[in-house]
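Each chain, written out:
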Amino acid sequence: MERPRTRRRALHALGTGLVAALAGCLDGGGSEETTSTETTRTTSRGTGAGIDERETATPPGEPALSPTGAWPRPRFDAANTAANPDGAGLRDGEQYWRLDAGTAAVLADGTLYNTYRRGQDRTDLTRRDPATMAVSSRTALVDYGVDGPPVVGDGRAYVSTFDEVICLAAERDAVLWRGPKMDGIQCPPALTDGVVYVNSGGFERTPAHLRAFDAADGAERWRYDTAAESKGTPAVAAGTVYVAARDGLHAVDAESGERVFRQPAVSEPWSTPVAAHGAVYAFGGDENESLVAVDTASGDIRWRTALPRMGNAPPVADASHLYVGTESGVAALDPEDGSVAARLGGGGTPAALAGDIVYAADRGTLRALDREGSGELWSHETERVQVTDVLSQSIHGVTPVDGGVYVHAADGFHGIGPTR
């Protein structure tokens, strides 16, 4: 089955890989037989610059990280906020190791989960030691790619492919259920309150639709036909499921599967909605790439804003602000009216927030920014890799926990810890 791999190559060729990655929708991998020596650079404000040489090799990595806490979903929670304000971000950081260890990760109950492509033969779910990336167990999934990192909760891990969801035991090598076939899945599912919500953008004779499955046994609870192209991960908040489609933002009752409203101002099918502050944020799909705030109670537009070079990656949202990238660096937006409340500096696109640290992906560089206004605290530059005629400088995933940050980039899987 070649379709998923071809689709992802096309995404990179079109330059949309960073947007899809920050929405949690890219897969990837490598071969654990590959070994090479490379150079990376980590700089920390106030401590000068230094060169760290690390080796891309089979895990485990050394020295070991000391991570705690959790990041169980690609964008942390079912609302897609990509923010853990109760966590502790790194105010200084350096690379501990860089390994050939698979794709972007999630972490729950002391285990790190990601997928790994073993040559052209198969994609595995791997369960790893978050300190070193050593594999504790793996489960074979499919002989093609998957839709981004797994989603973990209640002792189970869920991985979506182009045409099905696979439910696995979180702590052991076992597939608990899979299916049904529903061509057109492009992003990971949403998981909350014992229900898995899967969005299918449609393919050939399969119309676009959203389905709800019982997380325990995979039984279908309901199906909602969006009837328009829709690609992103659903957002779930306060009993409502939100998906962005070509014809608008669809709000669906999480219990019944009935439509609550459709807001046509959102028309970007690749937009991953973010629910926070009594609103849902998604990109309008117009030429100005405007961010639209839709009131969750009424379905009306609260505001819309278009900032220079904001792009259309989903924003990061904490209790008080939205964080987006602009030509003047990362900006914090006021959720009341979309105005710029503060500028954090740095550059790139916000990917995650932990505690008071906003992590931004700036092509191949990770930047750690103080959300309280102290600017850039440190940065980590990954290798710049030439891939055919496209310069791949992308960071595909950022997973912050207390005591560490995991970065999946074009040159491998990086473990970053506090400066020693």
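Residues numbered from 1 in each chain as written. Predicted model: local features only at pLDDT ≥ 70, side-chain atom pairs only at ≥ 80, totals over all residues. Heavy atoms only, no water.

Glancing now at the overall build of the protein chain. Scanning the protein chain for helices and strands turns up 2 helices and 37 strands. Counted over contacts in the protein chain with a minimum sequence separation of 6, partners at least 24 positions apart contribute 52%. Within the structure as shown, the protein chain displays about 15,300 Å² of accessible surface, and the carbon and sulfur contribution to it stands at 45%. (Helix = DSSP H or I, 4+ residues; strand = E, 2+ residues; numbered from the N terminus. Contact = heavy atoms within 4.5 Å. Areas by Shrake-Rupley, 256 points an atom, 1.4 Å probe, with all protein chains shown as cover.)

Let us now look at the nonpolar core. Membership of the largest hydrophobic core comes to 33 residues, with the highest contact counts inside it found for Trp97, Tyr359, Leu366, Trp378, Val398, Val405 and Tyr406. The set of elements that each furnish at least two residues to this core consists of β4 (94-99), β29 (349-354), β30 (357-362), β31 (365-370), β32 (375-381), β35 (395-401), β36 (404-409) and β37 (412-417). By residue number, the principal contributor to this core is β36, which donates 4 residues. Of all hydrophobic cores here, the second largest spans 15 residues; its members include Ala276, Met310, Val324 and Leu333. (Core = buried A, V, L, I, M, F, W, Y, C linked by side-chain atoms within 4.5 Å. Buried < 20%, exposed > 50% of the residue type's maximum accessible area, 1.4 Å probe, protein only.)

A word on the packing of aromatic side chains. One pass over the full model with this rule turns up 9 aromatic pairs. Ring centres of tyrosine 158 and tryptophan 177 lie 6.1 Å apart, and the angle between their planes is 55 degrees; this geometry places the pair in the tilted category. Of this pair, tyrosine 158 sits in strand β10 (residues 156-160) while tryptophan 177 is found in strand β12 (residues 175-178), placing the two residues 19 residues apart along the sequence. Tryptophan 177 gets classed as buried once you look at its relative accessible area, which sits at 9%. Ring centres 6.4 Å apart and planes at 50 degrees place the aromatic pair tyrosine 242 and phenylalanine 261 in the tilted group. You can see tyrosine 242 sitting in strand β18 (residues 240-245) and its partner phenylalanine 261 sitting in strand β20 (residues 259-263), a full 19 residues away along the chain. (Phe/Tyr/Trp six-rings, centres within 6.5 Å; stacked < 30°, edge-to-face > 60°.)

All right, on to the environment of aspartate 253 then. For aspartate 253, the position within the fold is in strand β19 (residues 248-253). Looking at aspartate 253, the relative accessible area reads 25%, which means it is partly exposed. Excluding its chain neighbours within four sequence positions, the residues that come into contact with aspartate 253 are Trp222, Gly239, Glu258 and Val260.

A separate point is the pairing of strand β16 (residues 220-225). Where strand β15 (residues 209-214) lies against β16, 5 bridges are found, and the strand directions are antiparallel. Paired with leucine 210 across the bridge in β16 is tyrosine 224. The turn joining β15 and β16, which pair antiparallel and follow one another in sequence, is formed by 5 residues; a positive phi near 80 degrees is taken by glycine 218. (Pairing = 2+ DSSP bridges.)

Here the focus is the confidence of the model for the protein chain. When the pLDDT values of the protein chain are averaged, the result is 87; 86% of them are 70 or greater. Below a pLDDT of 50 lies the segment residues 29-41, which in the model reaches 48 contacts outside its immediate sequence neighbourhood of four places, other chains included. Note on residues 43-53: pLDDT is under 50 here. Beyond four places in sequence and across chains, it has 24 contacts. (pLDDT = per-residue confidence, 0-100.)

Turning our eyes to something else, we now look at the pairing of β36. The element β36 is extensively covered by neighbouring structure, given that 6 of its 6 residues are classed as buried. Residues Gly404, Tyr406 and His408 line one face of β36 and the alternating positions Val405, Val407 and Ala409 line the opposite face, and both faces are buried. The antiparallel hairpin formed by β35 and β36 contains 2 residues in its connecting segment, where glycine 403 sits at a positive phi of about 90 degrees. Judged from the 5 bridges that link them, β36 and β37 form a sheet pairing that is antiparallel. Counterpart to alanine 409 in the pairing with β37 is glycine 412. The turn linking β36 back onto β37 is made up of 2 residues.

Let's shift gears to empty space enclosed by the protein. Throughout the structure, instances matching the rule amount to 3 cavities of 30 Å³ or more. In this structure, the largest cavity encloses a volume near 160 Å³. For the largest cavity, the lining is made up of 19 residues, of which Ala21, Pro74, His396, Gly397 and Val398 are closest to its centre. Going through the elements one at a time, α2 (17-22) and β35 are the ones with two or more residues in the lining of the largest cavity. Ranked by the residues each element gives to the lining of the largest cavity, the list is headed by β35, at 4 residues. (1 Å grid on protein atoms, 1.4 Å probe; cavity = no way out; pocket = protein on both sides within 12 Å on 5 of 7 lines; lining within 4 Å. Points joined across faces, edges and corners; volume = space filled by probe spheres on them.)

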